[in-house]
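An overview of the molecular structure
Chain residues, written in single-letter form:
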Amino acid sequence: MSDPDSGRAPQANGASVAERRKGKSSRRGKRKRGGPARPNAYSAEANQTGSSSPVATRPIDNDAGSPAKKRKRRRRARGGAHDGAQHTSPTQQQASGAQERRAAAEHGHASSHKSGKNRRKHRSKRGLQGRPLVHEKTAQIVAPAAPVATEHAPARNDHHDRNASPQRRDGHAPHHHADGDYRPVDLYAALDLGTNNCRLLIAQPTRPGQFRVVDAFSRIVRLGEGLGASGRLSSDAMDRAVEALRVCAGKLKTREIRRMRLIATEACRAAENGEAFLARVTEETGLRLEIIDRETEARLAVSGCSSLVGPEARSVVLFDIGGGSSEIAVIRIGENRSSRLANHITHWTSLPVGVVTLSERHGGRDVTPELFETMVREVEGMLERFDCPPVQGAARDSGDFHLIGTSGTVTTLAGVHLDLPRYDRRRVDGVWLSDDEVTAMQSKLLSWDFAGRAANPCIGPDRADLVLAGCAILEAIRRRWPSPRMRVADRGLREGLLTDMMADDGVWRRGRSRRGHRPKDMKGPQA
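A brief report on the enclosed structure follows.

**Things to note about the sheet that holds strand E8 (residues 259-264)**
Pairing within the open sheet is mixed, and its five strands lie in the order E7-E6-E5-E8-E9. The open sheet terminates on both sides in strands that have one partner only, identified here as strand E7 (211-220) and strand E9 (290-291). Where E8 meets E9, two bridges bridge the pair, whose relative direction is parallel. Of the residues in E9, the one forming a bridge with Ile-263 is Glu-290.

Spelled out as structure tokens, the structure:
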């Protein structure tokens, strides 16, 4: 057998194999210490004995990067594994070389074919997006005390979520990463049980600061019905909420959720039997909900709408008109803008009034202009007790200040303004409304009777008696902080929960370790 570049090749099972093994470790050691490589064993024997054997007289190429040297190193790596190596096919030789390289990588030896960039990229067994190989699942679902019948998802119109993304819903399919391992995608879940709605959102992180909705659920349960008069949650309201939470539990159990956070807001905060109701929820559905305070609710609302604040804005007033309370946050953005908008909150308040409580006090079916003004003045009196200095730029001719509204009230106004045949989140979320347009929409709704509001596809019979109470709260906020424009946000606490969990886990930061990390604000049971 001859080598076209370097003459006759050494024998595969003769003395040349043994001779090649002599000095292999010595040359490697000298290269690691930075010293010169030991002369080839063939050349040393030729100089001492003058042998004319094919092995001893083989020509030497002093160029370390020549093709002959490269082929010699490859044969040496394959032939030095055992004495008397047998001839193997090229496919077997490649497989053997791959196994040796993998074994060397496991023991921390750098392979010559890998560059330093690849070694840095795969350090600590992390994938391309800085994602660890082993995922921990945070369990906030416990086994119910009694078997609960599985409730299949009802028809589309019963489960229609105004906040659900129209994108694909196949996020539970596994991903194949560049390093060849097989692991499921990171899914996060957020549940918000409010005074009027029960909402669930399951999402997968995508680009920095964003995520893709995998599954969503929303149902009007009116948990706070009659709460203002009795101070307790009624039996019918609790039954409606438990049925909705059973559906949420079924959705969560069918997916591998990395982390979830399940919260309850004003209705459970204010009710005397709020804690007892949550104990019943855990017993019947397996879900453990936490009651958050008003400050946390305000911060979550801000976190969920952070992407809607433009780069030119210097001051923003963000409000969330809920069923039993309304959160307001004053945000001032300086030169050094934080990636988390909630860090810029300077003042906040939570008004103990929402669309459900206000409409129950004054009536929401037959609202006259005089009754509407009465509701506005009541909310204005609550805002007068909010100790907040005037917001810089809060004037009708200022371009660096605006309002952001996140609630069913403002999304309804936007849908009516756009004259949508049916509610479309893609067209509503992020839309701008001028001050004159908001005034015109409120006047139009006030001119309709209950049947006219219920017939509008963006309102419906479930919200027809609540929307004008929400408009009264909005009008009081607009009078306190006049602004030439308002941005509509079809998002809220669920999006804030998801954003905070993903940011705490570092899913949007490359190369940042998340192993063993537990956020400080992660409440509830931990796995």
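Picking up after the structure, the text goes on.
**Details of the pairing of strand E6 (residues 197-205)**
The buried fraction of E6 amounts to eight of the nine residues, a majority that puts the element mostly inside the structure. Pairing between strand E5 (residues 188-193) and E6: six bridges, direction antiparallel. Bridged to Tyr-188 within E6 is Ala-203. Counting the residues between successive antiparallel strands, the hairpin from E5 to E6 contains three residues. Pairing analysis gives nine bridges linking E6 to E7, with the strands arranged antiparallel. Residue Cys-198 lies in a different strand from E7, and its bridge partner there is Arg-219. The hairpin formed by E6 and E7 contains five residues between the paired strands, and Gly-209 there has a positive phi angle of roughly 80 degrees.

**A few points about the packing of aromatic side chains**
In this structure the tally under the stated criterion is one aromatic pair. With 6.2 Å between their ring centres and 65 degrees between their planes, Phe-386 and Trp-481 make a pair best called edge-to-face. Here Phe-386, found in the loop between helix H14 (369-384) and strand E13 (401-405), pairs with Trp-481, found in the loop between helix H19 (467-480) and strand E15 (485-488); they are 95 residues apart in sequence, far enough to count as distant. Overall, Phe-386 belongs to the buried group, its relative accessible area being 8%. Here Trp-481 falls in the buried class, since its relative accessible area comes to 3%. Positioned above the aromatic ring of Phe-450 is the side chain of Arg-365, whose terminal nitrogen or guanidinium carbon lies 3.8 Å from the ring centre. Taking the ring centre of Trp-432 as reference, the NZ or CZ of Arg-485 above it sits at 4.2 Å.

**Observations concerning the state of the cysteines**
Covalently bonding the sulfur atom of one cysteine to the sulfur atom of another cysteine gives a disulfide. Scanning all chains against the criterion turns up zero disulfides. Not engaged in a disulfide, the cysteine Cys-198 finds its nearest cysteine sulfur in Cys-248; these two sulfurs lie 4.0 Å apart. Take Cys-198: its relative accessible area is 0%, and that puts it in the buried class.

**Let's talk about helix H12 (residues 294-304)**
With eight of eleven residues buried, H12 lies mostly within the body of the structure. What H12 keeps buried is the set Thr-296, Glu-297, Ala-298, Leu-300, Ala-301, Val-302, Ser-303 and Gly-304. Considering only its buried residues, H12 is in contact with E8, helix H10 (266-270), strand E10 (315-321), strand E11 (326-332), strand E12 (345-351) and helix H20 (493-505).

**Here we look at the environment of Arg-509**
Position of Arg-509 relative to the elements: it lies in the segment after H20. Assessed through its relative accessible area of 33%, Arg-509 is described here as partly exposed. In the structure, Arg-509 is positioned 301 residues away from Pro-208 in sequence and 7.7 Å away in space, judged by C-alpha atoms.

**Observations concerning a positive patch on the surface**
A cluster of basic residues, Lys-70, Arg-73, Arg-74 and Arg-78, forms a positive patch at the surface. Within the fold, Lys-70 resides in helix H4 (residues 67-79).

**Re the nonpolar core**
For soluble globular proteins, nonpolar side chains are generally found buried alongside one another. Counting residues in hydrophobic clusters, the biggest one holds 52 residues, and the most contacted among them are Phe-319 and Trp-481. Not counting chain neighbours up to four residues away, the residues in contact with Phe-319 comprise Glu-327, Ile-328, Leu-403, Ile-404, Gly-405, Thr-406, Val-410, Leu-474, Ile-477 and Met-486. Counting 35 residues, the second largest nonpolar core, distinct from the first, contains Cys-198, Leu-233, Leu-245 and Phe-277.

**Quick look at the side chain of Ser-325**
Mapping Ser-325 onto the fold places it in the loop between E10 and E11. Its relative accessible area of 2% is what places Ser-325 among the buried residues. Engagement of the side chain of Ser-325 in a polar contact is seen with the side chain of Glu-327, the distance being 3.0 Å. Filtering out sequence-adjacent residues up to four positions away, Ser-325 remains in contact with Glu-266, Arg-269, Glu-297, Asp-320, Ser-350, Leu-351, Val-353 and Gly-354.

**Digging into the sheet that holds E12**
Taking strand neighbours across the sheet as the criterion, the six strands line up as E12-E11-E10-E13-E15-E14 in an open arrangement whose pairing is mixed. Edge positions in the open sheet fall to E12 and strand E14 (432-434), since each of these has one partner strand only. In this sheet, neighbouring strand axes are inclined to one another by 20 degrees on average, regardless of whether the strands run parallel or antiparallel. As defined by bridge partners, E14 adjoins E15 across three bridges and the pair is classed as antiparallel. Following the sheet pairing, Ser-434 is matched in E15 by Arg-485. Running over the sheet, H12 touches E10, E11 and E12 and is turned about 120 degrees from E12.

**Observations regarding unusual backbone geometry**
The phi angle at Arg-222 is positive, at roughly 50 degrees, despite the residue not being glycine. With a relative accessible area of 19%, Arg-222 lands in the buried category.

Thresholds applied
- Residues numbered from 1 in each chain as written.
- Predicted model: local features only at pLDDT ≥ 70, side-chain atom pairs only at ≥ 80, totals over all residues.
- Heavy atoms only, no water.
- Pairing = 2+ DSSP bridges.
- Helix = DSSP H or I, 4+ residues; strand = E, 2+ residues; numbered from the N terminus.
- Buried < 20%, exposed > 50% of the residue type's maximum accessible area, 1.4 Å probe, protein only.
- Phe/Tyr/Trp six-rings, centres within 6.5 Å; stacked < 30°, edge-to-face > 60°.
- Lys NZ or Arg CZ within 6 Å of the ring centre and 35° of its normal.
- Disulfide = S-S within 2.5 Å.
- Contact = heavy atoms within 4.5 Å.
- Patch = residues over 30% accessible without salt bridge, like charges linked within 9 Å, V, L, I, M, F, W, Y side chains within 5 Å.
- Areas by Shrake-Rupley, 256 points an atom, 1.4 Å probe, with all protein chains shown as cover.
- Salt bridge = Lys/Arg side-chain N within 4 Å of Asp/Glu carboxyl O.
- Lys, Arg positive; Asp, Glu negative; His and termini not counted.
- Charge placed at Lys NZ, Arg CZ, Asp CG, Glu CD.
- Core = buried A, V, L, I, M, F, W, Y, C linked by side-chain atoms within 4.5 Å.
- Polar contact = N/O pair within 3.5 Å; in protein donor to acceptor, adjacent residues only side chain to side chain.
- Axes fitted to C-alpha atoms, helices over the stretch in contact; angles between N-to-C directions.

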